[in-house]
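Topology and contacts: notes
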Amino acid sequence: MKNAHPLITEILPMKKLTGSWLAAACLGFLVFAQLTLVAQQDPKFEKFVLYDADTNLPIQNLEDGNGLTYEDTLEPISIVGVTSGDVGSGEFIVSGPFDYERIENNAPYSINGDKDAGPSYIAWPYQFGVYTLTFKVYDRPSARGNVIDSKTIEFEIRKKEARPPPTTPPPP
């Protein structure tokens, strides 16, 4: 071999399996290296997911026009902005019965944060009413840099209507 280090005696071609394989005899040892090409994915918003903040289990995807109905008490919920690619940070902007903003620097991007680096979600202190929720994806931490994607939806959290007790007809 021309211009090879004197301790490298030969380069052995390997059968192509997954990716490109290269084998080289070096210092009496056979060294294998797999070269893997990973396509870098552009950062983007994927979806909103509503979570039960007590169990940390997903309830449903949250989409534009959804209505969420709860009993008299407010359920402990969280909303997660799901992203893909190399995201710097995510920002929640909420308007409705009360206005609210939060910046998250690490996934999972949760509307009220998470405990112990997630996913142990902290319940969002919402009220009944109609909300507009915007999630912005930034290319740098702390909602700095460029907004590279965003999504806005409107949804309603409403109280379940009490049903009147059944009426019994009067005796004849």
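Quick caveat: nothing in here was measured; it's all calculated off a predicted structure. The residue numbers shown here count from 1 along each chain, following its written sequence. Residue-level local features of this predicted model are given only where pLDDT is at least 70; pairs of side-chain atoms are given and counted only at 80 or more, and the full residue set underlies all totals for whole chains, interfaces and linings. As a rule here, side-chain values come from all non-hydrogen atoms in the structure, and water together with hydrogens is ignored.

On to the sheet that holds strand E5 (residues 57-62). One bridge is not enough; two strands pair if DSSP finds at least two bridges between them. Secondary structure elements are taken from DSSP: a helix is a run of H or I of four residues or more, a strand is a run of E of two residues or more, and numbering for both begins at the N terminus. Pairing is antiparallel in the open sheet, where 4 strands are placed in the order E5-E4-E7-E10. Pairing within the sheet leaves two strands with one partner each, and these edge strands are E5 and strand E10 (109-110).

What follows concerns the pattern of salt bridges. In the sections that follow, a salt bridge refers to a side-chain nitrogen of Lys or Arg positioned within 4 Å of a carboxyl oxygen of Asp or Glu. Tallying each qualifying case throughout the model produces 4 salt bridges. Lys-44 is the salt-bridge partner of Glu-46, the closest N and O atoms lying 3.9 Å from each other. When the shortest N-O distance is used, the salt bridge between Lys-160 and Glu-71 registers 3.4 Å. Placement of the pair is Lys-160 in the segment after strand E12 (144-159) and Glu-71 in the loop between strand E6 (67-70) and strand E7 (77-84), with a sequence separation of 89 residues.

Attention shifts here to the packing of aromatic side chains. Classification of ring pairs rests on two measures: the distance between centres of Phe, Tyr or Trp rings, Trp counted by its six-membered ring, which must be within 6.5 Å, and the angle between planes, read as stacked under 30 degrees, edge-to-face over 60 and tilted in between. Counting across every chain of the model gives 13 aromatic pairs. With a centroid separation of 6.3 Å and 85° between ring planes, the pair formed by Phe-98 and Tyr-131 is classed as edge-to-face. Here the residue Phe-98 occupies a position in the loop between strand E8 (89-95) and strand E9 (100-104), and Tyr-131 occupies one in strand E11 (residues 129-140), the gap between them amounting to 33 residues. Working definition: with a 1.4 Å probe on protein chains only, accessible area under 20% of the residue-type maximum means buried, over 50% means exposed, and in between means partly exposed. Note on Tyr-131: relative accessible area 0%, which makes it buried. Three or more aromatic residues link up through ring pairs in this structure, and these residues are Tyr-70, Phe-98, Tyr-100, Trp-124, Tyr-126, Tyr-131 and Phe-155.

Quick look at the environment of Gly-81 now. Among the structural elements, Gly-81 can be located in strand E7. As a C-alpha pair, Gly-81 and Glu-91 span 10 residues in sequence and 9.1 Å in three-dimensional space. The contact definition used throughout considers only heavy atoms, calling two residues in contact when any of these lie within 4.5 Å. If we skip the residues at most four places from it in the chain, Gly-81 touches Phe-45, Lys-47, Phe-48, Phe-92, Tyr-109 and Phe-135.

Its location among the elements puts Asn-66 in the loop between E5 and E6. The definition of a polar contact used here is a pair of N or O atoms within 3.5 Å, where within protein one atom must be able to donate a hydrogen and the other to accept one, and adjacent residues in sequence count solely through side-chain atom pairs. A distance of 2.6 Å separates the side chain of Asn-66 from the backbone nitrogen of Glu-63, its partner in a polar contact. In contact with Asn-66, other than residues within four places in its own chain, are Gln-60, Asn-61, Glu-154, Phe-155 and Glu-156.

On to the pairing of E8. In terms of residue burial, E8 counts as a mostly covered element, since 5 of its 7 residues are buried. As paired elements, E8 and E11 share 7 bridges and run antiparallel to each other. Bridging across to E11, Val-94 finds its partner in Leu-133. Between E8 and E9, which follow one another and run antiparallel, lie 4 residues.

A separate point is the confidence of the model for the protein chain. What pLDDT expresses is the predictor's confidence in each residue, scored from 0 to 100. Confidence in the prediction of the protein chain, expressed as mean pLDDT, is 81, and 75% of residues score 70 or more. When the elements of the protein chain are averaged for pLDDT, strand E2 (residues 20-26) gives the smallest value, 41, and E8 the largest, 98. pLDDT under 50 marks residues 4-33. Its contacts with residues more than four places away, or in other chains, come to 37 contacts.

Side-chain atoms within 4.5 Å link the members of a nonpolar core, which is a set of buried Ala, Val, Leu, Ile, Met, Phe, Trp, Tyr and Cys residues. Of all hydrophobic cores here, the largest spans 24 residues; its most connected members are Phe-48, Ile-79, Trp-124, Leu-133, Phe-155 and Ile-157. When residues of this core are traced back to their parent elements, those giving at least two are strand E4 (44-52), E6, E7, E8, E11 and E12. Ranked by residues supplied to this core, first place goes to E11 with 4 residues. Those residues in contact with Ile-79, other than ones at most four positions away along the chain, are Phe-48, Val-49, Leu-50, Leu-62, Phe-92, Tyr-109, Ser-110, Ile-111, Trp-124, Leu-133 and Phe-155.

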